[in-house]
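Listed below, chain by chain, are the residues.
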Amino acid sequence: MAEAAEFQGTSASPARRWLRRAGGLLAGAPLLAGLLQLPAAAPAQAASSDTVSVALDSLTPSAPTDGDTLTVSGTVTNNGKQTVTGAHVDLRVGSMLTTRSGIDSVAQHSDDLTGGTGVEVGGKYAAKFAKLSPGVAEHFSISVPVDKLDLGDDGVYEFGVSLSGKTAAQSWDQMLGIQRTFLPWQPSEADTKTKTTYLWPLISTVHMTAKTGAGELQTPVFRNDDLAKELAPGGRLAQMVDLGKDLDVTWVIDPDLLASVDAMATGNYRLPGGGGTTKPGPKEHQALAKQWLAGLQKAVTGKEVVALPFADPDLASLAHNGTSVTGSLSHLKDATDVAATTVKTVLHVTPSTDFAWPVEGAVDPAIMKVATSAGADRVIARSDSLQETAGLPYTPSAARPVGGGTTAVVSDARLSTAFEGDLTKADSATLAVQEFLAQSLEVNAQTDKQRSIVVAPQRMPTASQAQAMAAALRALQGGNWSESQDLSAAAKDKPDPNATTHIPSGSAYPSSLRSQELPRTAFEQIARTQDKLDSFQVILSDQSRVVTPFGRAINREMSTSWSGRSGNARGYRDGVEGWLDELADQVKLIDKSETKLSGRSATIPVTVQNNLVQPVGHLVLRLTSTMPTRLKIGGKAYDEQPVEISGGHSQSVKFTTSANANGRVTVIAQLYTEDGQKYGDAVSFDVKVTEITPTVMLVIGGGVLLLVLAGFRMYTQRKRASARQTEENGPDADGQAADEPGNPDAPADRLPEEPEDSGSPTGADDPEHASDPAPDTAPESPDPSGTGERVDR
């Protein structure tokens, strides 16, 4: 009669429900006794067969209340070789679980046939199949009013979906498969609600390189186009924004992700091409980036935003392997300083930068020291690292003062890891959601004292993991035992005086995490790259064009996303350092061949080339003689001159030298920065000195004297010949001879070919012929040539 009344919709008191369950167990006692009398092998075979798998694809509502109808759907698959006949899927309600470890135990054996199975709801709330053929999956869906489940007091109940039937080998009805999960039952408002903080991380891998274009926009070069896939509809980051906008969460954002998407939104980003070239990124990806940023700006409006240091540096790697390398901690400070500016610029909100988040919340004294070194005084830890030692029967609040003004915000390990693993299948996601809600309700039921619980999930959830997280949060926020709270509020809540505040030692740090850290050599390479950047930037007229992209790239070299990807991390570091070397080599000395010096002093030019697009300066060129006793530069062993060169130009710098002896001398040219640091490679060349001695000067002087004497002899011979001719022709012949063309003794102020009549058409005043040259030879003369006279024929 009681059962009939229930099926007619009447409800029963908790006491009557307990009596009915007890009666069901007593009624099943004879059947159990009969089974115990069977041969021992039979029940073992039945228990271990598990020939049918049960997948629970959906359970709605996840946390039902009075008046709800629970709908359970999924699939059953016959994995055996025999057909199952008389198959039926039943819903089973087990006992109430009163501890978090009890929930863990059920979850670990969710499909074990040997465990407890609970009481069948029975009646019409079952799905029946005439047969299940081997390898065939059948879908089922069962809806049942919640008041037919005989749920008693508020709490977490074990809930199962089983398939029973017969096979040819075992012709009696038996359970062949089961899937257990949890049913949170809190139909009315809890007297005390847990304040729950859920972190919603927007973090990705490293996408941008240190390379930028030569133009004013400095077009960034990306490693690949994977970011566009994450931003596309259905992509991981698109899902995180679409789902998170309607949830009461604290957004935890890596500013590097915002900077990368913002760079893509300009439409000018480039991707690697063939042969070391680059190509423009697809224009349609610009729209994706803009749309994603617009959606994120709306999603975070009115919500708390926590900015991690730029590129989410790996605090554990830095603490364990980087602090002994000079300058490593300065990168963390720089990444923290730029974080707030980036978030505010892109999202137009002011973020909190007070929090540090080590990998998986694992901490030790070294990590705590590094985490707070850049100004963060709150460290997000996890309860499986900062474990309770006082044997508390409940989960304490998250905030723990650990000394030195630092607060460890301890997230709950069970809740934080609930959505890890492959959740692409509906049944896996459903089980994860139900377990999360069960653990949350159990935490609230532990004590009537209100507590603050923080959930810090994995840094980069997949799209399917994000969907499961969102489903659980929607159910939690619609439930009766939890209320939302921001991370900053949780960190400020009054700590539990009985909660542990002892930071575990370094030896307790998980070896699995330590093996994935960046090695010391990584930080040594980072330091080397920084030194090169420091030397390069001092010569630039616009340092920001280099310092900003390389500074952010160095931050990315320390990213947590490299954890477990040592090869990729090394390749990225090599790429950054190599590109910096290539840029620095654009300002260099031009190689010089051997130079010869003749004389006691001379000038040696040395050429400096600048192939950058911007001017360079603050450089000094030093020219050094390796043998100053033979060759001096500027009167000493070396000389220096300042160098300033426009972009895309070269400059020749000249040095005065003085030689003291003959021979070969090696000269070294080296560029220095103004602070005395060497810049680039030196160029050496030989100078061959050939000094002019007094003996050589005597020989040259003697040669000049001989030339003068020879000229004088020729002159006197011609004068004698002219005198003899005058005596032979008489005095009247002088004027005639003087007027004859071709006479070598004609007056020098008149050209032989020029007629006396200046008005002649061929005269010198004719403008048309004013610049005609004089003939190369004089007109012929019938007279014999004089002694020593040249004959022009």
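What counts, and where the lines are drawn
- Residues numbered from 1 in each chain as written.
- Predicted model: local features only at pLDDT ≥ 70, side-chain atom pairs only at ≥ 80, totals over all residues.
- Heavy atoms only, no water.
- Salt bridge = Lys/Arg side-chain N within 4 Å of Asp/Glu carboxyl O.
- Helix = DSSP H or I, 4+ residues; strand = E, 2+ residues; numbered from the N terminus.
- Buried < 20%, exposed > 50% of the residue type's maximum accessible area, 1.4 Å probe, protein only.
- Core = buried A, V, L, I, M, F, W, Y, C linked by side-chain atoms within 4.5 Å.
- Contact = heavy atoms within 4.5 Å.
- Patch = residues over 30% accessible without salt bridge, like charges linked within 9 Å, V, L, I, M, F, W, Y side chains within 5 Å.
- Areas by Shrake-Rupley, 256 points an atom, 1.4 Å probe, with all protein chains shown as cover.
- Pairing = 2+ DSSP bridges.
- Axes fitted to C-alpha atoms, helices over the stretch in contact; angles between N-to-C directions.
- Expected span 1.5 Å × (residues − 1).
- Arc of directions from axis to C-beta.

S.K.: For this particular structure, what's the right way to read the pattern of salt bridges?
M.R.: Opposite charge on two side chains permits pairing when their charged atoms draw close. Scanning the model with the defined rule gives 24 salt bridges in all. The residue Asp337 makes a salt bridge to Lys333 at a minimum N-O spacing of 2.9 Å. With a gap of four residues between them, Asp337 and Lys333 both fall in helix α11 (residues 328-347), about one helical turn apart. The salt bridge partner of Arg622 is Glu640, with a shortest N-O separation of 2.5 Å. Of this pair, Arg622 sits in strand β25 (residues 616-625) while Glu640 sits in strand β27 (residues 638-645); the two residues are 18 residues apart in sequence, bridging distant segments of the chain. The exposure class assigned to Glu640 is partly exposed, which follows from its relative accessible area of 34%.

S.K.: Which parts of the structure should I look at to understand the nonpolar core?
M.R.: Across soluble globular proteins, you tend to see nonpolar side chains buried next to one another. Grouped together as the largest cluster of nonpolar side chains are 75 residues, with contacts concentrated most on Phe536, Phe550, Leu621 and Leu623. Ranked by residue count, the leading element in this core is helix α20 (residues 566-584), at seven residues. Apart from residues lying up to four places away in sequence, Leu621 is in contact with Leu589, Val606, Val608, Asp639, Glu640, Gln641, Val643, Val653, Phe655, Ala669, Gln670 and Leu671. Counting residues in hydrophobic clusters, the runner-up holds 67 residues, among them Ile253, Leu258, Ala265 and Leu473.

S.K.: Looking at this structure, I do not really get a nonpolar patch on the surface. What am I missing?
M.R.: There is a patch of nonpolar side chains on the surface, built from Leu705, Leu706 and Leu709 and spanning about 320 Å² of accessible area. As for its position among the elements, Leu705 is in helix α21 (residues 694-729).

S.K.: Looking at this model, I keep getting lost on the sheet that holds strand β2 (residues 69-78). Mind explaining?
M.R.: Whenever strands of a sheet pair, they do so through backbone hydrogen bonds, lying parallel or antiparallel. Strand order in the open sheet formed by three strands is β1-β2-β6, with antiparallel pairing between adjacent strands. Of all the strands in the sheet, just β1 (52-60) and β6 (137-145) have a single pairing partner and so form its edges. On average, adjacent strands in this sheet sit at an angle of 20° to one another, irrespective of strand direction. Sheet topology note: the β1/β2 ladder contains eight bridges and is antiparallel. Paired with Leu56 across the bridge in β2 is Gly74.

S.K.: I tried to follow the sheet that holds β25 on my own but got confused; where do I start?
M.R.: Taken in spatial order, the five strands make up an open sheet running β23-β30-β29-β25-β27, and their pairing is mixed. Of all the strands in the sheet, the pair left with one neighbour each is β23 (595-598) and β27. Between one strand axis and the next, the sheet turns by 30° as a mean value, whatever way the strands run. Bridge count for β25 against strand β29 (residues 663-673) is seven bridges, and the pairing is antiparallel. Directly across from Leu619, in β29, lies its bridge partner Thr673.

S.K.: I'm lost on helix α9 (residues 284-299) in this one. Help?
M.R.: Every α-helix carries 3.6 residues per turn, so stepping three or four residues along brings you back to the same face. The terminal C-alpha atoms of α9 lie 23 Å apart, and with 16 residues this matches the ideal 22 Å at 1.5 Å per residue to within 8%. Of the positions making up α9, those classed as buried are His285, Gln286, Leu288, Ala289, Trp292, Leu293, Leu296 and Ala299. Along α9, the residues classed as buried sweep out an arc of 160° about the axis, all on the same side. With respect to the buried face of α9, the exposed residues turned more than 90 degrees away are Glu284, Gln291 and Lys298.

S.K.: Sorry if this is basic, but what is going on with the environment of Val76 here?
M.R.: Within the fold, Val76 resides in strand β2. Of the residues examined, Val76 reaches a relative accessible area of 0% and is grouped as buried. Distance from Val76 to Val52, taken between C-alpha atoms, is 6.6 Å for residues 24 residues apart in sequence. With sequence-adjacent residues up to four places away left out, Val76 is seen in contact with Val52, Ser53, Val54, Val89, Phe129, Leu132, Val136, Ala137, Glu138, Phe140 and Leu163.

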